[in-house]
Structures are given as C-alpha cells and as structure tokens.
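Secondary and tertiary structure notes
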Amino acid sequence: MKRIIFTGKGGVGKTTILSTVARLLAVEGHRVLVVDCDPSMNLAMSLGIPIAQVIALAEDKSHLQETLGATLDDRPKMSNGEITLAIREYIIQAADGVNLIVMGTVPHGGSGCLCSPITLVKFLINYLTSNTEEFDFIMVDSQAGVEILGRGLSAEFDLSMVITEPTPKSIEVAKHSMKLSRDLGVKKQMVIVNMAEDEGECQSIADALDLNGDLIDVVRYDPQVVEADKKGIHLLDLLSTSNSSPTALQDILRIKKRMEAD
Ligand SMILES: Nc1ncnc2c1ncn2[C@@H]1O[C@H](COP(=O)(O)OP(=O)(O)OP(=O)(O)O)[C@@H](O)[C@H]1O
Ligand SMILES: [Mg+2]
C-alpha cells in the first residue's frame, strides 16, 4: 500500500492532479482510496459526487474516533472486522471505482477547529495500513498551505506530492511543505510545476528549491482543464468527447507512471 499526500499553495492544482491520477489508477484495476482533507470538500465534486450525498467523517455517527483511538492504544473495543465495517460506512463509490472518504467541514461559524477530524483521518489511515490490505494507494488531498503537515497526518508516508505554480509565492509554500514532509519522515518527494508554459520551467524551479534527490516534473497549462471546471465535469470526461490534444493529461499520465515506480 502506497500512502501519498498532496500539498501546496491555494489553487495550484492539487485536486485536479490528484483526482485525475486516482481515476487513471482505478481504471487500470488498482484499489484506490482518496481522502479529502480539505474543508472545502472539492474532491467529492471533482469525482462526480454531489456534496449533498457526502457523509463526512467529521459527523462521526459511528464513534469511529473513540474506537480507532482505543485500538491504537492496544485497548481494542471492537474486532478488526467490526472496525473495517465502521470505516466502510464512510466510503463513497466515486467515478471509475475510486473509493472516497471525506473528512468534513466546519459546520457553522465559531464551531471550532478541524483538529479532531484530522486526527481521525490519521487514525484511520494508520489502521488501514497496519491491519488491512484493502487498498493499493491511499491519496490525501489537503487544504491550501501546510497546516495538515503541522498536524503530522502524513508521518512516514511513502510519497509527498508538492504542487506549485511557477511563481515565487507558490514556490515558497512548496519549499516549506518539503521541509515539513522531511521532518515527518516522508520517504520521497515529487514537486509538480503545474500550469507551466513548457517543460523548461522545471530547471529554474529545481534550482530555487534546492532539490536533494527529490523528483520534479511539470504539468503544462491547458485551457481544457479550465473548460472542464467551468462545465462542472472532470477533465477525463471532457477529453473523452473531444479531439483536441490532451496536453495536461499527457503530463499527468507520465507523472502517474513515475508515482507508481517511485
Ligand atoms: N494544468 C492546468 N491548466 C490550466 N488550468 C489548471 C491546470 N491545473 C489546474 N487548473 C485550474 O486551476 C484552478 C485550481 O485548481 P484546483 O482546484 O485543482 O487547485 P487546488 O490546489 O486543489 O485548490 P485549493 O487550494 O482551493 O484546494 C482550477 O480552476 C483548475 O481548473
Ligand atoms: Mg483542492
């Protein structure tokens, strides 16, 4: 099982790239779980699930947090089978057979922080990693910025996907993200320069980030990504009915292969 986290500044393309890679892997027969840890809950919509149909972990009607917390403390209250069933209550079948779990959002103004749902996601991923072989890939989409790394959710994950635009502000956030992932013992990092004009933009950004064996790649700017977003459909569904050259998709396909290999 490969655990992968996507981070980066707001609007750099985390959800676009993650949802596309997830669907491509699922179509190939991989068992993919994606976890939306962004309180904006965009990933569900990107994968064809209307927000009204989402049952979020933050609602936690099955006392999953208490159960998983106790399990990790070696005080099991439920059998592994029962815990797996409780987790399944939150798994939504999304496009191309991708399994989706949504962390949830802030329900009303002044209702507090997201520490508790983030901790629940951490327990859940730890549980799935240590006790089951249900998934080949678990991919976490995060809120803009680095807070999720501060909360240690991705400790010892296999791969950190750091998405950046070719702009100084975005690169600064990427730099910070990479440092925090290193602190957390994430095994590998891959920087994606999204909305790049061409592949050459990689080199100057690689220099700015002072990569130390970390991988870097690009996804080119592609108006079809914007068109799909405006139509409220996924890029893959737009391209399935279009004859134009799939610029961004070509890049994402290459990146998916590298993610599988590394
Ligand atoms: N390669 C690309 N070419 C053109 N537009 C793109 C590309 N990648 C993403 N976009 C556009 O950029 C915007 C932000 O993308 P997306 O929602 O995936 O970013 P995000 O990092 O998940 O944002 P947030 O921080 O709000 O969660 C969207 O309008 C999307 O269509
Ligand atoms: Mg997003």
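Residues numbered from 1 in each chain as written. Chains lettered and ligands numbered in written order. Predicted model: local features only at pLDDT ≥ 70, side-chain atom pairs only at ≥ 80, totals over all residues. Heavy atoms only, no water.

Details of the pattern of salt bridges
To be explicit about the condition: We define a salt bridge as a contact between a side-chain nitrogen of Lys or Arg and a carboxyl oxygen of Asp or Glu at a distance within 4 Å. Helix and strand definitions here come from DSSP, where helices need a minimum of 4 consecutive H or I residues and strands a minimum of 2 consecutive E residues; each element is numbered from the N-terminal end. Each residue is placed in one exposure class: buried if its accessible area under a 1.4 Å probe, protein chains only, is under 20% of its type's maximum, exposed if it is over 50%, and partly exposed if it falls in between.
Using the criterion set out here, one finds 16 salt bridges in the structure. For Arg31, the salt bridge goes to Asp136, with nearest N and O atoms at 2.8 Å. A residue pair is termed long-range when its members are at least 10 positions apart, and Arg31 in the loop between α1 (14-27) and β2 (32-37) and Asp136 in the loop between α5 (115-131) and β5 (137-142) qualify at 105 residues. Judged by relative accessible area, which is 37%, Arg31 ranks as partly exposed. Residue classification places Asp136 among the partly exposed residues on the basis of a relative accessible area of 23%.

Some remarks on the site of ligand 1
To keep things clear, this is the line we draw: One heavy atom suffices: a residue is near a molecule or strand as soon as one of its heavy atoms comes within 4 Å of it. As used in this structure description, the phrase polar contact means that two N or O atoms lie within 3.5 Å; if the pair is within protein, one of them must be able to donate a hydrogen and the other to accept it, and residues adjacent in sequence are counted only when both atoms belong to side chains. Note on areas: these come from Shrake-Rupley sampling with a 1.4 Å probe, and a residue is covered only by the protein chains present in the view.
In the vicinity of ligand 1 there are 18 residues, among which Lys14, Thr15, Thr16, Asp222 and Asp229 approach most closely. Val12 is positioned such that a nitrogen or oxygen atom in its backbone is 3.1 Å from an oxygen atom of ligand 1. Contacts to ligand 1 include Gly13, whose backbone N or O atom sits 3.0 Å from an oxygen atom. Protein coverage of the free-state accessible area of ligand 1, which is 630 Å², stands at 81%.

Side note on the sheet that holds β2
Applied cut-off: Note on pairing: two strands pair once DSSP finds at least 2 bridges between them. Note on contacts: a residue pair is in contact if any heavy atoms of the two residues lie within 4.5 Å. Here, axes are lines fitted to C-alpha atoms. For helices the fit covers the stretch in contact, and angles between N-to-C directions go from 0 to 180 degrees.
Ordered in space as β3-β4-β2-β5-β1-β6-β7-β8, the eight strands form an open sheet in which the pairing is mixed. Of all the strands in the sheet, the pair left with one neighbour each is β3 (92-93) and β8 (215-220). Taken together, the six bridges between strand β6 (residues 159-164) and strand β7 (residues 188-196) define a ladder with parallel strand orientation. Within β7, the residue paired with Ser160 across the bridge is Gln189. Against the sheet, α5 engages β1 (2-7), β2, β4 (99-102) and β5, with an angle of about 165° to β2.

Notes on the nonpolar core
What tends to happen in soluble globular proteins is that the nonpolar side chains get buried as a cluster. Here is the rule we go by: By convention a nonpolar core is built from buried Ala, Val, Leu, Ile, Met, Phe, Trp, Tyr and Cys residues, the set being connected through side-chain atoms within 4.5 Å.
Counting residues in each nonpolar core, the largest one holds 42 residues, and the members touching the most others are Phe6, Val34, Leu100, Met139, Met161 and Met259. Among the elements that take part in this core, α1 stands out by supplying seven residues, more than any other. If you look at the next biggest cluster of nonpolar residues, it comprises 31 residues, including Leu33, Leu64, Ile91 and Leu128.

Overview of the environment of Arg31
Between the C-alpha atom of Arg31 and that of Ser181, which follows or precedes it by 150 residues, the distance is 25 Å. Those residues within four positions of Arg31 in sequence are excluded, and the remaining contacts are Glu133, Glu134, Phe135, Asp136 and Phe137.

As for the side chain of Arg3
Tracing the sequence through the fold places Arg3 in strand β1. The exposure class of Arg3 is buried, given its relative accessible area of 11%. At a separation of 2.9 Å, a polar atom in the side chain of Arg3 contacts the main-chain carbonyl oxygen of Glu156. With near-sequence residues (within four places) excluded, Arg3 lies in contact with Ile125, Asn126, Thr129, Ile138, Ala155, Glu156, Phe157, Asp158, Leu159 and Lys187.

Considerations on the environment of Val32
Structurally, the position occupied by Val32 is in strand β2. Each residue touching Val32, except ones within four places of it in the same chain, is listed here: Ala22, Leu25, Ala26, Val98, Asn99, Phe135, Phe137 and Met139.

Things to note about the confidence of the model for the chain
Put simply, the test is: As a per-residue measure, pLDDT reflects the predictor's confidence and takes values from 0 up to 100.
Mean pLDDT over the chain works out to 89, with 90% of the residues at or above the 70 mark. Per-element confidence in the chain is highest for α1, whose mean pLDDT is 98, and lowest for helix α3 (residues 64-72), whose mean pLDDT is 64.

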